Amino acid sequence: MNGNDMSSRSIEGENPLYLPQAKVYAGSCAVGPCLVTPAEVPDLSELQITLRVIRDGADLYSDVVSVAGLRRRPDDLVRWLFRALDFPVGVVLLTGTAIVPYPGFTLRGARCCRTRRTGWRQSTRH
């Protein structure tokens, strides 16, 4: 399974301490479209993570990183995840990647912003 937990740059950019708020908004975490069992996955060190953003038929951004280049090994992350918690119906662990689009890059139609009256909210303005 793959997942994408996006951060809102407008929230995190205001103050890096706002990272938890930058991860929680409508559409911030997508999972799927399929599930692969551990037996079907090749050696994790051989896997690559690819990001490709296509808008209006044109490649806007693309990058690729190796899972072997992640700071912490996936099996180490799994050990820490299950160290103090139980997940009787399953769990998704998102590792993060080194893929970060250039400054100023945004996804169309899904910006978050802060207002004095309402606090953090999703904005659909471009």
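Residues numbered from 1 in each chain as written. Predicted model: local features only at pLDDT ≥ 70, side-chain atom pairs only at ≥ 80, totals over all residues. Heavy atoms only, no water.

Visitor: Looking at this structure, how should I read the pattern of salt bridges?
Guide: Should the charged atoms of two oppositely charged side chains come close, the side chains can pair. Summed over all chains, the structure comprises five salt bridges. Between Asp59 and Arg52 there is a salt bridge, and its shortest N-O distance comes to 3.1 Å. Taking the relative accessible area as the measure of exposure, Arg52 reaches 53% and is therefore exposed. Of the charged contacts in the structure, one is a salt bridge between Asp75 and Arg73, with a shortest N-O distance of 3.2 Å. Judged by its relative accessible area of 33%, Asp75 falls in the partly exposed class. Among the residues examined, Arg73 registers a relative accessible area of 57% and is labelled exposed. (Salt bridge = Lys/Arg side-chain N within 4 Å of Asp/Glu carboxyl O. Buried < 20%, exposed > 50% of the residue type's maximum accessible area, 1.4 Å probe, protein only.)

Visitor: When you look at the nonpolar core in this model, what are you seeing that I'm missing?
Guide: Here is a general trend for soluble globular proteins: nonpolar side chains tend to be buried in one another's company. Val53, Tyr61, Val65, Ile99 and Phe105 form the largest nonpolar core, which has five residues in total. Apart from residues no more than four positions distant in its own chain, Ile99 is found in contact with Ile49, Thr50, Leu51, Tyr61, Asp63, Val64 and Val65. (Core = buried A, V, L, I, M, F, W, Y, C linked by side-chain atoms within 4.5 Å. Contact = heavy atoms within 4.5 Å.)

Visitor: What should I look at first to understand unusual backbone geometry in this one?
Guide: Of all residues except glycine, most have a negative phi; of all peptide bonds, most are trans. Even without being glycine, Asp56 reaches a positive phi, approximately 55°. The residue Asp56 is located in the loop between strand S3 (48–55) and strand S4 (58–66) in this model. The class for Asp56 is exposed, based on a relative accessible area of 68%. (Helix = DSSP H or I, 4+ residues; strand = E, 2+ residues; numbered from the N terminus.)

Visitor: Explanation requested: the pairing of S4 in the structure shown.
Guide: As judged from the eight bridges shared by S3 and S4, these two strands associate in the antiparallel manner. By the bridge assignment for S4, Thr50 is matched with Val64. Linking S3 to S4, which pair antiparallel, is a turn of two residues; within it Asp56 sits at a positive phi near 55°. (Pairing = 2+ DSSP bridges.)

Visitor: Mind showing me how you'd approach the environment of Phe87 here?
Guide: Relative to the helices and strands, Phe87 is located in the loop between helix H3 (74–84) and strand S5 (111–115). A relative accessible area of 25% means that Phe87 is categorised as partly exposed. Setting aside residues up to four positions removed in sequence, Phe87 forms contacts with Leu81 and Phe82.

Visitor: I would appreciate a short explanation of the packing of aromatic side chains in the present structure.
Guide: A ring pair, where both rings are aromatic, is described by two values, the distance of the centres and the angle of the planes. A full pass over the atoms with the stated rule returns one aromatic pair. Aromatic side chains Phe82 and Phe87 sit 5.3 Å apart centroid to centroid with 85° between the ring planes, which places their arrangement in the edge-to-face category. By relative accessible area, Phe82 is classed as partly exposed at 43%. (Phe/Tyr/Trp six-rings, centres within 6.5 Å; stacked < 30°, edge-to-face > 60°.)

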